[in-house]
Number of protein chains: 2
Amino acid sequence: MTQKQKLPLDRILKGDCIELMNSLPENSVDMIFADPPYNMQLSGELRRPDDSFVDAVTDHWDQFDSFEAYDTFTRAWLAAAKRVLKDNGTLWVIGSYHNIFRVGASLQDLGYWILNDVIWRKTNPMPNFRGTRFTNAHETLIWCSKGPEARNLTFNYDALKVMNDDVQMRSDWHLPICSGGERLKVEGEKAHTTQKPESLLYRILTAASNPGDVILDPFFGTGTTGAVARKLGRHFIGLEREEKYISVALERIRKVRQLPADDLEFTRSKRQEPRIPFGSVVERGLLSAGQILFDSRKRYKAKVRADGSLVASDVTGSIHKVGAQLQGASSCNGWTFWHFDAEGKSVAIDVLRQQVRAEMN
Amino acid sequence: MTQKQKLPLDRILKGDCIELMNSLPENSVDMIFADPPYNMQLSGELRRPDDSFVDAVTDHWDQFDSFEAYDTFTRAWLAAAKRVLKDNGTLWVIGSYHNIFRVGASLQDLGYWILNDVIWRKTNPMPNFRGTRFTNAHETLIWCSKGPEARNLTFNYDALKVMNDDVQMRSDWHLPICSGGERLKVEGEKAHTTQKPESLLYRILTAASNPGDVILDPFFGTGTTGAVARKLGRHFIGLEREEKYISVALERIRKVRQLPADDLEFTRSKRQEPRIPFGSVVERGLLSAGQILFDSRKRYKAKVRADGSLVASDVTGSIHKVGAQLQGASSCNGWTFWHFDAEGKSVAIDVLRQQVRAEMN
DNA sequence: TCCGGCATTGAATCCGGGT
DNA sequence: AACCCGGATTCAATGCCGG
């Protein structure tokens, strides 16, 4: 039984998220999305980690107490989340100015490493009715890894670039709030006060997870994370205390159909493709020893040797190293730098690599 | 000698900002803008895809040994800032994800009250050259008062609305970075690695200060705050440790001309306009006692009394209170709720208030 | 004088696998 | 753990130069 099979995949667990996370195996989930309580000032109430109420705030000490209580709660769930997250996994947290600064500082204190803060710009925020502030038109997300040394994080850079008209995706996202038919209702009332739009989760899961990955949401609510995960062919684990949210979420997710596998395919990065040594191009006879290569502007040239190294005037080495040295650059991608003559046309040797890759499939 | 006259207006003080702030009189400045070190933690060098070198911020003043050291520094200057700030003054801090969460949490711990977080969306940010993150395309500003009880804060709501094509100004601002002719140079090199654009300060000062106000900047650098303050007819006090920045700032500000007073007149927020009691409308004869007022749909009516109160069936009180009680609402803006008959047409009494205001100028 | 092309630059926590 | 090395990776604005 693999680690993944031990997980309660695609289920909602009822209870306290800290206890539930501690009951899951460590280093087991690929990504966490968390939409924790935003804090007291708005709701007028704050619960301690043991679920007791903090008394009304009437003086400075009480106020300090309540921030402290919120911090204690925050650090507890962040620590539990770090334990269940894989070493190459990432965590997303969303919040507003009421709580996000405390969450961010706690993250850093616990050793998490911030990768980006992302701004969700609302296309249709609620105006400031009294004209005393700027329209509160955004919320903040923090995206982080388990530490500065974490490697092999999932970030589908090229998929997002394509989504964004072939320009690198920025840290500010312009998306509508959850309303209309998407907004879940129970007897005419909204089922959850802070339901997030599916478009937001769609972008997060596309960016930072792959099909088949396990996504944990410790504040599951009415299950936006689960619905989008299912649609995108990811597994989810939802943690939620309130039965009323769980029942709505179950019903909601039941209706979701996973997109056809074909449609789940996305633009992969070159980094993920198998490495082809230049030597194998020579080995297979796609280029022969003695052949002359040159750069696109024909300023430099070099000769191919039998072992797949190049020789230029006074330099010898790999296609990359020779390219770099000739240009006086610190590095060089030899595959795109060097060209050969094919029926009068200058062609980058990268096409030969693609040929080898094609033969390997 | 007034408190304001005791201040070193329109000057730059050289030295440690905490000591200097402690030497200023308490409750004396109207607004503070702070651009503290971000405590960026860089490792190694970064090159663009074209192999050119990225000249990053490696200044000694941005280096701290630990988060704890940074927090200690942050709390110290925030506490000193709170002392010199007037009780109705506000503080702005700018930062990136490296430091802003720590700053925000410290602010809250010290009793500051966050009014908004504002996102500066850069039109032309530096891209992520390695394709490993989202473009870091924004910075975060926190705007806060000295506490939740602070009153009479300066917020020029209508000026910003006009600036924003008559739509309420949002919490996300789209502005270019400082470049081109605006970027200060010394012998061809940038004078300061983190010079902020004047447009950013322009908007901040327009929003949260008035002509004649005193603006303190404890991390003055090359003086963007001072230059914009002077242009907009505000006073500045700059604190700066490094002589090399001070000399550049002095020269820069010397060249700035204040805008003509006429151009400084902006649409003043209604909130700040002199309050007009309904009684003065009666007093001036714009309405006379005994006159009948009604709401736009003529469901309710009330009679004006000599003292400016209204009488309805069984309610007596201000135009606001009577309007609210008749509707069974908790509040009501009497100025727009109540109408009178002017030559057969129904007109809101607010036009009378505007008439009074016009006469007062 | 204008236009097109090329170079420069900006608060950056910017790779991964193998030896 | 430190080093080595293959090879993947950029957007908007400004300014300079040549035609």
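For clarity, every value in this text was computed on a predicted model and none was experimentally measured. (Residues numbered from 1 in each chain as written. Chains lettered and ligands numbered in written order. Predicted model: local features only at pLDDT ≥ 70, side-chain atom pairs only at ≥ 80, totals over all residues. Heavy atoms only, no water.)

J.: Quick question: what am I supposed to make of the side chain of arginine 353 of chain A here?
T.: Residue and element names in this part refer to chain A. Of note, arginine 353 is situated in helix H13 (residues 350–360). The class of arginine 353 is buried, set by a relative accessible area of 12%. Aside from chain neighbours lying at most four places away, what touches arginine 353 is Ile276 and Trp335. (Helix = DSSP H or I, 4+ residues; strand = E, 2+ residues; numbered from the N terminus. Buried < 20%, exposed > 50% of the residue type's maximum accessible area, 1.4 Å probe, protein only. Contact = heavy atoms within 4.5 Å.)

J.: It is not clear to me how the relation of the copies chain A and chain B should be interpreted in this structure. Could you clarify?
T.: Mapping chain A onto chain B calls for a rotation angle of 179 degrees and an axial translation of 0.6 Å; the resulting RMSD is 1.2 Å. Overall, the copies show the geometry of a two-fold rotation axis. Rotation axis and chain A: the residue whose C-alpha lies nearest the axis is phenylalanine 101 of chain A, separated from it by 2.4 Å. Looking at the interface residues of chain A, 92% of them are also at the interface in chain B, so both copies use one shared face. (Least-squares fit on C-alpha atoms with pLDDT ≥ 70 in both.)

J.: What exactly am I supposed to notice about unusual backbone geometry here?
T.: Of all residues except glycine, most have a negative phi; of all peptide bonds, most are trans. For aspartate 165 of chain A, which is not a glycine, the phi torsion comes out positive at approximately 55 degrees. Within the secondary structure, aspartate 165 of chain A sits in the loop between helix H5 (157–163) and strand S6 (172–175). Phi angles above zero are rare outside glycine, and aspartate 10 of chain B is one such case at about 60 degrees. Residue placement: aspartate 10 of chain B occurs in the segment before strand S1 (11–14).

J.: Honestly, the UniProt feature "domain: RAMA" (unreviewed entry) in chain A in this entry has me stumped. Any pointers?
T.: Under the present numbering, the feature "domain: RAMA" (unreviewed entry) in UniProt falls on residues 265–359 of chain A. The distance from the first to the last C-alpha atom of residues 265–359 of chain A is 22 Å, and the span holds 31% helix and 20% strand. (UniProt positions renumbered as here; feature names shortened; annotations may be inferred.)

J.: Can you walk me through the sheet that holds strand S2 (residues 29–34) of chain A in this structure?
T.: Sheets are built from strands paired through backbone hydrogen bonds, the pairs being either parallel or antiparallel. All names here are of chain A. On the basis of which strands lie adjacent, the open sheet formed by 8 strands has the order S1-S10-S9-S2-S3-S5-S4-S6 and mixed pairing. Each having just a single partner strand, strand S1 (11–14) and S6 make up the two edges of the open sheet. On average, each strand axis in the sheet is inclined to that of its neighbour by 20 degrees, with strand direction left out of account. Strand contacts of helix H6 (residues 198–208): S2, strand S3 (85–95), strand S4 (113–122), strand S5 (138–145), S6 and strand S9 (214–217), with the helix running at about 140 degrees to S6, the strand carrying the most contacts. (Pairing = 2+ DSSP bridges. Axes fitted to C-alpha atoms, helices over the stretch in contact; angles between N-to-C directions.)

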